[in-house]
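The lines below spell out each chain.
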Amino acid sequence: MTRTSLPVAAAVAVSAGLLLTACGGGGSDSSDKIQSSSTGTPTVTATTAKPSPTATTPQPATPTFSLPPDAKVVFTGYDSPDAATKSVLRDVKNAVMSMQEADSKGQSTANLKRYFIPLQAAVAADSSIDYRKSGYTITGTVKDYLPTVKFDAPNRAQVTYCEDERQAFDKEIASGKIDRSKPSLQDFSLWRMGMAKNAAGDWQVASYSQQKGVSKCAVS
């Protein structure tokens, strides 16, 4: 298991009133496991507060990310027939990728500043800088899956998703040695993100938290 992809921090409420909210079963380590399936599709949910489908909004430019060749993120279920939900999931993916990129470079990046509000971008950047100073970088595969989206308002949404870091590791920059650890329940996390849409059309991370060792996120 590698370091936390996003630094664990207390939820931050921004002036728009964006707050983290609990999601079904997310606050406890339920003994029920999520069973993987080759035919099933993770459920994406959205409330009726989402933007009107008739509204025309300019599409933000597609970002590019630079990761080491031995590091990647696999997203499963990050699509939806609903345009508003799909746009939120798109930028949750971009936020995760921006953190992976910052960790691999050990510094802040333009993508990090784009997909996190300034306060959270600064916290995440500090974490990436400290990680590099410790002599490590990222390697392996992170898997994110089972996302859910709930709209508080047309420009505010609450997102949860599961993460599997069993095949993601720290790598010593100087020697190239990979710090492999034995897989455990601690490799499975439940993330909660509060997202806020800005004037440019991007959904930014305004608040977030991570809960490790969540049984309901454990997959075989």
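How each quantity is defined
Residues numbered from 1 in each chain as written. Predicted model: local features only at pLDDT ≥ 70, side-chain atom pairs only at ≥ 80, totals over all residues. Heavy atoms only, no water. Phe/Tyr/Trp six-rings, centres within 6.5 Å; stacked < 30°, edge-to-face > 60°. Helix = DSSP H or I, 4+ residues; strand = E, 2+ residues; numbered from the N terminus. Buried < 20%, exposed > 50% of the residue type's maximum accessible area, 1.4 Å probe, protein only. Pairing = 2+ DSSP bridges. pLDDT = per-residue confidence, 0-100. Contact = heavy atoms within 4.5 Å. Polar contact = N/O pair within 3.5 Å; in protein donor to acceptor, adjacent residues only side chain to side chain. Disulfide = S-S within 2.5 Å. Expected span 1.5 Å × (residues − 1). Arc of directions from axis to C-beta.

A.B. asks: Tell me about the packing of aromatic side chains, and please be specific about residues and values.
C.D. replies: One pass over the structure, following the stated rule, counts 5 aromatic pairs. A ring pair is formed by Phe 151 and Trp 203, whose centres lie 6.0 Å apart and whose planes are at 70°; its orientation type is edge-to-face. Of the two residues, Phe 151 is situated in strand S2 (residues 136-153) and Trp 203 in strand S6 (residues 203-212); the sequence distance between them amounts to 52 residues. Residue class for Trp 203 comes out buried when judged on its relative accessible area of 0%. Linked through ring pairs, Phe 75, Tyr 78, Tyr 161 and Trp 191 together constitute an aromatic cluster.

A.B. asks: Got a sec to walk through the pairing of strand S3 (residues 156-172)? Specific residues and values, please.
C.D. replies: The buried fraction of S3 amounts to 13 of the 17 residues, a majority that puts the element mostly inside the structure. Note: S2 against S3, 14 bridges, orientation antiparallel. Of the residues in S3, the one forming a bridge with Lys 150 is Gln 158. In this antiparallel pair of consecutive strands, S2 and S3, the connection spans 2 residues. Relative to strand S5 (residues 188-197), S3 runs antiparallel, the two being bridged by 9 bridges. The residue of S5 that forms the bridge with Tyr 161 is Trp 191. Here 2 bridges tie S3 to strand S4 (residues 178-179), and the two strands are oriented antiparallel to one another. The residue of S4 that forms the bridge with Lys 171 is Ile 178. Between S3 and S4, which pair antiparallel one after the other, the connecting turn spans 5 residues, and Gly 176 there sits at a positive phi close to 80°.

A.B. asks: Could you give an account of the confidence of the model for the chain, naming the residues involved and the relevant values?
C.D. replies: The share of residues in the chain with pLDDT of 70 or more is 73%, and the mean pLDDT across the chain is 82. This stretch, residues 4-48, has a pLDDT under 50; its non-local contacts, to residues over four places away or in other chains, come to 114 contacts.

A.B. asks: Give me the side chain of Ser 104: which residues, what numbers.
C.D. replies: With respect to the helices and strands, the residue Ser 104 is situated in helix H1 (residues 83-105). A relative accessible area of 10% means that Ser 104 is categorised as buried. A polar contact of 2.7 Å, which involves the side chain of Ser 104, links it to the backbone oxygen of Glu 101. Residues contacting Ser 104, with those up to four places away along its chain left out, are Ser 66, Leu 67, Pro 68, Arg 132, Thr 137 and Ile 138.

A.B. asks: Give a detailed account of the state of the cysteines, specifying residues and quantitative values.
C.D. replies: According to the stated counting rule, one finds 1 disulfide in the structure shown. Across the disulfide from Cys 162 sits Cys 217; the S-S distance is 2.0 Å. Given an S-S torsion of about -70°, the disulfide between Cys 162 and Cys 217 has left-handed geometry. In this pair, Cys 162 sits in strand S3 while Cys 217 sits in the segment after S6, placing the two residues 55 residues apart along the sequence. Take Cys 162 and Cys 217: they sit in the same class, and that class is buried.

A.B. asks: Summarise helix H3 (residues 118-133); cite the residues concerned and give the values.
C.D. replies: The terminal C-alpha atoms of H3, which comprises 16 residues, lie 22 Å apart, in line with the 22 Å expected from a rise of 1.5 Å per residue. Here H3 has its buried residues at Gln 120, Ala 121, Ala 124, Ala 125, Ser 127, Ser 128 and Tyr 131. The buried residues of H3 occupy an angular sector of 160° when the element is viewed end-on, so they sit on one face. Of the exposed residues in H3, those oriented more than 90 degrees away from the buried face are Pro 118 and Lys 133. Contacts from the buried residues of H3 go to H1, helix H2 (110-115), S2, S3 and S6. The first or second residue beyond H3 is Gly 135, which carries a positive phi of 95°.

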